[in-house]
Amino acid sequence: MEPKVSVTSPQDRPVPRWSLGSSSGLHYGSFVNSLSSLTPQADTDEKPAISKRRSYVAVAVLCYINLINYMERYTIAGVLLNIQKFFAIRDSTAALLQTVFICSFLLLAPLFGYLGDRYNRKYIMIGGLSVWLATAAGSSFVTASHFWLLMLLRGLVGVGEASYSTIAPTIIGDLFTGGQRSAMICIFYIFIPIGSGLGYITGAGIATATGDWHWALRITPILGVVGMVLLIALCPNPPRGAAETQGEGVTGRSSYLEDVKYLLKNKSYRWSTLGVTATAFLVGALAFWTPTFLSRAQVFQGLQPQCIEEPCNTTDSYIFGAVTLVTGIMGGCLGTLLSRRFRDKVPNVDPVICAVGLLGSAPCLFIAIFVASASIPATYVFIFLGEVLISLNWAVMADILLYVVIPTRRSTAEALQISVCHLLGDAGSPYLVGVISDAISKTKPGSLGWHFHSLKYSLLICPFVGILGGLFFLLTSFYIAEDKTAAMRLVEEDPPPPPPSGPASEPSVEMSTQEKK
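Residues numbered from 1 in each chain as written. Predicted model: local features only at pLDDT ≥ 70, side-chain atom pairs only at ≥ 80, totals over all residues. Heavy atoms only, no water.

- Identification of the chain as Protein spinster-like protein 3 from Nibea albiflora is taken from an unreviewed UniProt entry.

So this is what it looks like as structure tokens:
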């Protein structure tokens, strides 16, 4: 069926792109194409739909860069014992390396979200990754008397990751739709635990092979240069909403404040963001401290001597990295499989999967923390089970955002979610655990056993936050079907008629479309 066109100006002229505008007299979500709704990023010439082959190549490139990003992020955790000995710092000070990085990440995410909804996303990612490459490489040359410089450079690394993590998922969302989008998002987010695991492994491996932890921080910038070249050569900048509009794209004219108001009214977005925040808190603390916790547990059991000077024993970083890699793949694939299988029968299955994952992980982590003083193999078993359950959420959480938010506001939605989840999540969780550990340790200074127990008790906050996150996702499940339908209606179906308004300042052409039969 041909789309209906109602002409509201003396000129009858064809228009190439759909538009979601909020100009004078028009409600959000109205399909309006007018001179006043053209935004800086919109092209006036028609663009052909991006081929499937090119779309798959683009996803492969984005996944590779995502892998490198998370390898770099967790290389520090893989050599944390060496860093603590090199700079002679306590747990709370060491945790600041992650906190500073995450803080810069979350502060800049809203800026990149705003830019990503309005300007060329590919150029924004290239600029951010350039900063990331320079600062990540520079941090490997810091000397023992300049710990403050390492912290500064770690903060600047967050600039690049903020640009990429905010924008890359929205590009995938504009290349695919439906089940294909879920599959591609699953693949993209599986590379988070894969990259994290490889970060532990490569960091520990290179530090051991070279005898210098600084070299562990140099491998990811080298691999990042390859990713930059691939991004420039092979990744497109698809029109926003291209997947939902057969390649034509959707443009929108709205202020940043209007975008934020739209998102705050979206109940699924609000509650799922809190669930993502709890997940970030949990994962951030565990990812940073688990190798160190397991190393202290082995010292407590007499299985290995205490590390007096670097290089320290990095066996636990290898093992935990492998566990993170395997559980990330298993959990991510299982979560997406369950989502795709039951989504048609159970409209709210996605937040339910996330809730089950977090609630189920809590007892596993609780047992792992207490059994570490008696059995390292049993500890790894429960860590494995807990991480599989947490990893059910990776791709599903991202997919929820993409289908409850309209295309022209997805980068802003990603940015705000990133800011909130890091501000209240993993920006502070490693530091909080370190502060609690130091406070407990000071009650019995000099005791090796208490050095282990102090970190054990501080990690108990993680399972309780996991339970809280599961409750947030259960609340999301009450609203997800309604919000998903509302977003689809705004993009694919006839919009509700706008209320009466005053005369528009510029002529416009209103267009509505119905599904072809």
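## Structural notes on the pattern of salt bridges
Here's step 1: If you walk through the whole model with that rule in mind, you get six salt bridges.
Here's step 2: A salt bridge links Arg154 to Glu72, with the nearest nitrogen and oxygen atoms 2.4 Å apart. Taken together, the residues span a long stretch of sequence, with Arg154 in helix H5 (residues 147-175) and Glu72 in helix H1 (residues 52-78) at a distance of 82 residues.
Here's step 3: For Arg154, a relative accessible area of 1% puts it in the buried group.
Here's step 4: The exposure class assigned to Glu72 is buried, which follows from its relative accessible area of 2%.
Here's step 5: The partner of Arg343 in a salt bridge is Asp399, and the shortest N-O contact between them spans 2.9 Å. (Salt bridge = Lys/Arg side-chain N within 4 Å of Asp/Glu carboxyl O. Helix = DSSP H or I, 4+ residues; strand = E, 2+ residues; numbered from the N terminus. Buried < 20%, exposed > 50% of the residue type's maximum accessible area, 1.4 Å probe, protein only.)

## Some words on the packing of aromatic side chains
The description of an aromatic ring pair rests on the distance of the ring centres and on the angle between the ring planes.
Here's step 1: One pass over the full model with this rule turns up 13 aromatic pairs.
Here's step 2: Both rings, one in Tyr200 and one in Phe320, keep their centres 5.1 Å apart while their planes meet at 70 degrees; by these two values the pair is edge-to-face. Placement of Tyr200 in helix H6 (residues 178-210) and of Phe320 in helix H10 (residues 315-342) is noted, with a sequence separation of 120 residues between them. Exposure class is identical for Tyr200 and Phe320. Each is buried.
Here's step 3: Summarising the aromatic geometry, the rings of Phe288 and Trp289 are spaced 5.2 Å apart at their centres and angled 80 degrees between planes, so their arrangement reads as edge-to-face. This pair shows no difference in class: Phe288 is buried, exactly as Trp289 is.
Here's step 4: Taken together, the ring pairs in this structure connect Phe86, Phe87, Phe147 and Trp213 into an aromatic cluster.
Here's step 5: Geometry around Phe101 places Arg154 over its ring, the cationic atom sitting 5.3 Å from the centre.
Here's step 6: Here the guanidinium or amino end of Arg218 rests over the ring plane of Trp215, the centre of that ring lying 4.4 Å away. (Phe/Tyr/Trp six-rings, centres within 6.5 Å; stacked < 30°, edge-to-face > 60°. Lys NZ or Arg CZ within 6 Å of the ring centre and 35° of its normal.)

## Topic: helix H9 (residues 267-301)
Here's step 1: In this model, H9 (35 residues) spans 49 Å end to end at C-alpha, consistent with the 51 Å of a helix rising 1.5 Å per residue.
Here's step 2: Within H9, the axis deviates most sharply at Trp289, by approximately 45 degrees, and proline Pro291 lies no more than four positions further along.
Here's step 3: Capping the start of H9 is the job of one residue whose side-chain oxygen sits 3.3 Å from the backbone nitrogen of Ser268: Asn266. (Expected span 1.5 Å × (residues − 1). Bend = angle between axes of the 7 residues up to and from the residue. Polar contact = N/O pair within 3.5 Å; in protein donor to acceptor, adjacent residues only side chain to side chain.)

## Side note on the side chain of Thr324
Here's step 1: As for its placement among the helices and strands, Thr324 is situated in helix H10.
Here's step 2: Judged by its relative accessible area of 8%, Thr324 is buried.

## Describing the environment of Asp350
Here's step 1: Inspection of the secondary structure puts Asp350 in helix H11 (residues 349-371).
Here's step 2: For Asp350 and Ser339, which are 11 residues apart along the polypeptide, the C-alpha to C-alpha distance reads 5.9 Å.
Here's step 3: One polar contact links Asp350 to Arg343, side chain to side chain, over a distance of 3.1 Å.

## Overview of the nonpolar core
Here's step 1: By size, the foremost hydrophobic cluster in this structure holds 123 residues, and its most contacted members are Leu62 and Leu231.
Here's step 2: Discounting residues that sit within four places of it in the chain, Leu231 has contacts with Val61, Leu62, Ile65, Lys122, Met125, Ile126 and Leu129. (Core = buried A, V, L, I, M, F, W, Y, C linked by side-chain atoms within 4.5 Å. Contact = heavy atoms within 4.5 Å.)

## Overview of the confidence of the model for the chain
Here's step 1: Residues at a pLDDT of 70 or more form 80% of the chain, whose mean pLDDT is 78.
Here's step 2: The model gives residues 1-48 a pLDDT under 50, and that stretch makes 119 contacts with residues more than four places away or in other chains. (pLDDT = per-residue confidence, 0-100.)

## Describing the side chain of Ser458
Here's step 1: Tracing the sequence through the fold places Ser458 in helix H16 (residues 448-458).
Here's step 2: A relative accessible area of 1% places Ser458 in the buried class.
Here's step 3: A polar contact of 3.4 Å, which involves the side chain of Ser458, links it to the backbone oxygen of Val433.
Here's step 4: Setting aside residues no more than four positions away along its own chain, Ser458 makes contact with Val433, Ile436, Ser437 and Ile440.

## Structural notes on unusual backbone geometry
If a residue is not glycine, its phi is most likely negative; likewise, a peptide bond is most likely trans.
Here's step 1: With a phi angle near 55 degrees, Ala88 is a residue other than glycine that sits in the positive phi range.
Here's step 2: Turning to its location among the elements, Ala88 is positioned in the loop between helix H2 (80-87) and helix H3 (91-116).

## Section: the packing of H9 against H10
Here's step 1: With their axes 9 Å apart at the nearest point, H9 and H10 run at an angle of 135 degrees to one another. In terms of axis orientation, H9 runs oblique to H10. Relative to H10, H9 is oriented so that their crossing is right-handed. Across the interface between the two elements, Leu286, Ala287, Thr290, Pro291, Leu294, Ser295 and Gln298 from H9 touch Asp316, Ser317 and Phe320 from H10.
Here's step 2: Here the residues of the contact of H9 with H10 are counted per class, giving five nonpolar, four polar and one charged. (Axes fitted to C-alpha atoms, helices over the stretch in contact; angles between N-to-C directions. Parallel < 35°, antiparallel > 145°, perpendicular 65-115°, else oblique. Left-handed = near helix turned anticlockwise from the far one by under 90°. Nonpolar A, V, L, I, M, F, W, Y, C, P; charged D, E, K, R; others polar.)

## What to know about a nonpolar patch on the surface
Here's step 1: Together, Leu359, Phe366, Ile367, Phe370, Tyr457, Phe464, Ile467, Leu468, Leu471 and Leu474 line one region of the surface with nonpolar side chains, adding up to about 830 Å² of accessible area.
Here's step 2: Those elements that place two or more of their residues in the nonpolar patch are H11 and helix H17 (461-476).
Here's step 3: With five residues, H17 is the single largest residue contributor to the nonpolar patch. (Patch = residues over 30% accessible without salt bridge, like charges linked within 9 Å, V, L, I, M, F, W, Y side chains within 5 Å. Areas by Shrake-Rupley, 256 points an atom, 1.4 Å probe, with all protein chains shown as cover.)

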